[in-house]
Structure formats: structure tokens, C-alpha cells
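In case you want the letters, here they are:
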Amino acid sequence: MTFMSAALTVALAAAAGERAALIVSGPASPARLDRATVITPAEGPPVVVYATTNATDQALDQFTVTAFVFKADGTLKARQVAPGRRTLEPRETKYSTLVLDGSPIDPTDIVVVGIDQVQRAGSDEWWRTDLQPAAEAAVPIRKPQ
């Protein structure tokens, strides 16, 4: 049984595609994405696996992550927002995922992610930023051939 589980795990890993997502951030963000990878399984929607670090000396209660999907020519195709993990202690890093099930993702599409809202623990106020201009600027535009 252990052999079958190991074989299945290897088969699933081999069937999945993996590529880096571009990361953008707003000015003076209390949290940052350190790494983001888009994993495309053989079946089901792509998933962004990301590492988030609290960049402050205060606990963060919650944050939201926005993913932008651009066509290869730089045209915005989709935008998806999801809550990140709750409670990041000062300087702590945690991993989480964002399932890109809002629209189909083509192999040539470019995924850009960032944190657009953060709430400190014990506060009703949110730090916010508009990431779309930074996401658009991060996408390398390919000219038609």
C-alpha cells in the first residue's frame, strides 16, 4: 500500500506543471509575498502556492491576496481576490494557496500576485493599495509576430 501511495504521488507531481508567478506590492506594505508558484495539475484549476511574511513588529490579523491573469499580449484577462491566512506573528512567514478557478488559465498566460489589504491585530483599520497598475507594469508585453 505504501508503494502505491508513493507511486501515485510521483505520478501526480510529474503530471503537474509548475511556473513562477510575478509578485508586485504596494508602498509600505505591512506584509509581503516572498515566493509565488503557479502549479497546474493534470486535472482541476491552477493553484498559486505562496509564502507571506509579516514585515512588521506587530501581529497581523488578516490580509487579502489578489491574482491578476494576463494574456501573453499583456491584456488583463481575469482578477481574483482571496483571503490569506489569518494571524501572522511579527516577522513570521506562512505558506498558503489561492485556487485560480475564476476563469480558464492558458499555458501562455502570465499570473501576477500581490497583497492588497492588511489588517493589524486589534485594529479596525486596514492598509490598502491598488495593485492593478503595478501588475500591468510588471507584465512583459509580447508583440505579435
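The structure displayed is predicted, hence computed values, not measured ones.

Enquirer: What's the story with the pattern of salt bridges in this structure? I'm lost.
Expert: If charged atoms from side chains of opposite charge come close, those side chains can pair. Enumeration over the complete set of coordinates arrives at five salt bridges. Arg86 serves as the salt-bridge partner of Asp61, at 3.2 Å between the closest nitrogen and oxygen. Taken together, the positions of Asp61 in strand E5 (residues 60–70) and Arg86 in the loop between strand E6 (76–83) and strand E7 (93–99) put the pair 25 residues apart, joining distant regions of the chain. Among the salt bridges present, the one from Asp106 reaches Lys77, with a minimum N-O distance of 3.0 Å. Of this pair, Asp106 sits in the loop between E7 and strand E8 (110–120) while Lys77 sits in strand E6, and the two are 29 residues apart along the sequence. Residue Asp106 is classed as partly exposed on the basis of its relative accessible area, which comes to 38%. What you see here is one network of salt bridges that share partners, running through Lys77, Asp106 and Asp109.

Thresholds, definitions, all that
- Residues numbered from 1 in each chain as written.
- Predicted model: local features only at pLDDT ≥ 70, side-chain atom pairs only at ≥ 80, totals over all residues.
- Heavy atoms only, no water.
- Salt bridge = Lys/Arg side-chain N within 4 Å of Asp/Glu carboxyl O.
- Helix = DSSP H or I, 4+ residues; strand = E, 2+ residues; numbered from the N terminus.
- Buried < 20%, exposed > 50% of the residue type's maximum accessible area, 1.4 Å probe, protein only.

Spatial relationships are all this shows, so hold off on functional conclusions.
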